[in-house]
Amino acid sequence: MARKNFIVTLAVLLLTSVGVMAAKSAGCGKSPTIRSQQYSITVNGKSRQYIVRLPATYDQNTAHKLVFTWHQLGGSAQKIRDGENTNQGGALPFYGLPPLAGNSAIFVAPQGLNNGWGNQGGEDLTFFDSMVKTLEADLCIETSLRFSTGFSYGGAMSFAIACARPKEIRAIGVLSGGQLSGCQGGTEPVAYYGQHGTADSVLNVSGGRQMRDRFVRNNGCTAVSEPQPGSTSVKVEYKNCKTGYPVTWVVHRGDHNPSQTDNGQIFAPKNTWDFFSQFTAQ
Ligand SMILES: *[C@@H]1O[C@H](CO)[C@@H](O)[C@H](O)[C@H]1NC(C)=O
């Protein structure tokens, strides 16, 4: 009996400590006012727009992942929401992640000024901060499970967030990115998924490797020799990274395209979600 009580007490203590460490947003338990639609917010005196996608079944008592999906140059929040023709280099809706996420995640598609992420004076980072604040005041989000991904300029913006907001973001996914939105700071570890084509004619693969290598270093991973993709992509999971800060790199032989396929299957969504969903509340 004493032993059983001890075990129960231990279990309660363990659960309590996990509960303390995990950080649920202020919106948990509240009846939400935010819906799946477009919103405007004023940032540094400029009107900025973003589209929210709630899960089909939103539970105000469940802490959700928060996933930012940034568009490419010339793209838009609407095109991220609706998806674009993948046979012409477009991406699936919200980069193909919602069917994999089920009800576990809230997605956000922000709209760039001039349809890009120039991040002048850090204004797009401030936009990111404002969206996080607004969403978490109203919706139930696990604040240790924020993610960011995007193709091309959208990958650049995700990279800029990892550089400048390492404590605010759990992991990023950079699809054929370049360092176009800056890298303020850039010395802290952040879990990193990158994919790039060796035939990229817009943002070359060396740029993608340089971005990756910053986080290979920051995350304390052991460098590996560059793999050569064959008819399908090659995935490298770096070894010896600090706990909680993995780096995965997928290299393929294709051009600048978020919807590259292996045997007819677009591989970015599953790779990205496999990477993001390995993390739990901390
Ligand atoms: C890759 O692109 C960068 C930036 O445009 C350029 O400076 C560099 O020379 C290019 N590298 C290769 C190998 O083409």
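Below: a short report on this structure. These numbers come from a predicted model, not from an experiment. (Residues numbered from 1 in each chain as written. Predicted model: local features only at pLDDT ≥ 70, side-chain atom pairs only at ≥ 80, totals over all residues. Heavy atoms only, no water.)

**Observations concerning the overall build of the chain**
What counts, and what does not: Here a strand is any run of E in DSSP of at least two residues, a helix any run of H or I of at least four, and the numbering for each starts at the N terminus. For the radius of gyration, the atoms used are the C-alpha atoms, and the globule rule reads 2.2 Å times the number of residues raised to 0.38. For every residue, the accessible area obtained with a 1.4 Å probe (protein chains only) is divided by the maximum for its type, and the residue is called buried under 20%, exposed over 50%, and partly exposed between those limits. Any two residues whose heavy atoms approach within 4.5 Å are treated as being in contact.
Each helix and strand counted, the chain has 7 helices and 11 strands in total. Against the 2.2 N^0.38 benchmark of 19 Å for 282 residues, the chain shows a C-alpha radius of gyration of 19 Å, consistent with a compact globule. Projecting the C-alpha coordinates of the chain onto the three principal axes gives extents of approximately 70 × 45 × 35 Å. Burial statistics for the chain: of 282 residues in total, 52% are counted as buried. A sequence separation of at least 24 residues applies to 69% of the contacts in the chain between residues at least 6 apart.

**Comments concerning the nonpolar core**
Soluble globular proteins tend to pack their nonpolar side chains together in the buried interior. We count it as follows: Residues belong to one nonpolar core when they are buried, are Ala, Val, Leu, Ile, Met, Phe, Trp, Tyr or Cys, and are joined through side-chain atoms within 4.5 Å.
Ranked by internal contacts, the top residues of the largest apolar core, which has 48 residues, are Tyr50, Phe68 and Leu135. Contact partners of Phe68, with chain neighbours within four places excluded, come to Val108, Pro110, Phe128, Met131, Val132, Leu135, Phe147, Ser148 and Thr149. Leu97, Ala171, Phe267 and Trp273 belong to the second-largest nonpolar core, a separate cluster that totals 26 residues.

**Remarks on empty space enclosed by the protein**
It is the rolling of a water-molecule-sized probe over the atoms that shows where space remains empty. The test is simple: Using only the protein atoms, space was sampled on a 1 Å grid; points where a 1.4 Å probe fits but cannot get out form cavities, open sets with protein on both sides within 12 Å along at least five of seven lines form pockets, and lining residues are those with an atom within 4 Å of a point. Grid points are joined across faces, edges and corners, and a volume is the space filled by probe spheres set on the points. Note on residue categories: nonpolar means Ala, Val, Leu, Ile, Met, Phe, Trp, Tyr, Cys or Pro, charged means Asp, Glu, Lys or Arg, and polar means any other residue, Gly included.
This model, assessed by the stated rule, comprises 2 cavities of 30 Å³ or more. Computed from the structure, the largest cavity encloses a volume of approximately 80 Å³. Taken together, His71, Gln72, Gly75, Ser76, Lys79, Ile80, Gly83, Glu84, Ala91, Leu92, Tyr95 and Phe151 make up the lining of the largest cavity. Tallied by class, residues from the lining of the largest cavity come to 5 nonpolar, 5 polar and 2 charged. In this model, the second largest cavity occupies a volume close to 40 Å³. As for the second largest cavity, its lining consists of Ala91, Leu92, Tyr95, Leu175, Pro258, Ser259, Ile266, Ala268 and Pro269. Here the lining of the second largest cavity is built from residues that sort into 8 nonpolar, 1 polar and no charged.

**Concerning the layout of surface pockets**
One number sums up the size of the largest pocket: a volume of about 250 Å³. Around the largest pocket, the lining comprises 17 residues; the ones closest to its centre are Pro166, Ile169, Arg170, Tyr245 and Gln282. Examining the composition of the lining of the largest pocket, we find that 4 residues originate from one element, strand β5 (residues 141–151), more than from any other. For the lining of the largest pocket, a count of residues per class yields 7 nonpolar, 5 polar and 5 charged.

**Describing the packing of helix α5 (residues 153–164) against helix α6 (residues 205–218)**
Using the following cut-off: Orientation is described by axes fitted as lines to C-alpha atoms, over the contacting stretch for helices, and by angles from 0 to 180 degrees between their N-to-C directions. For classification purposes, angles smaller than 35 degrees are called roughly parallel, those larger than 145 roughly antiparallel, those between 65 and 115 roughly perpendicular, and all remaining angles oblique. Less than a right angle of anticlockwise turn of the near helix away from the far helix marks a crossing as left-handed, whereas a clockwise turn marks it as right-handed.
Here α5 crosses α6 at 25°, and the two axes come no closer than 12 Å. One element, α5, and the other, α6, form an angle in the roughly parallel class. For the element pair α5 and α6, the recorded crossing hand is left-handed. Of the residues in α6, those touching α5 at Phe159, Ala162 and Cys163 are Met211, Arg214 and Phe215. Grouping the amino acids of the contact of α5 with α6 by side-chain chemistry returns 5 nonpolar, no polar and 1 charged.

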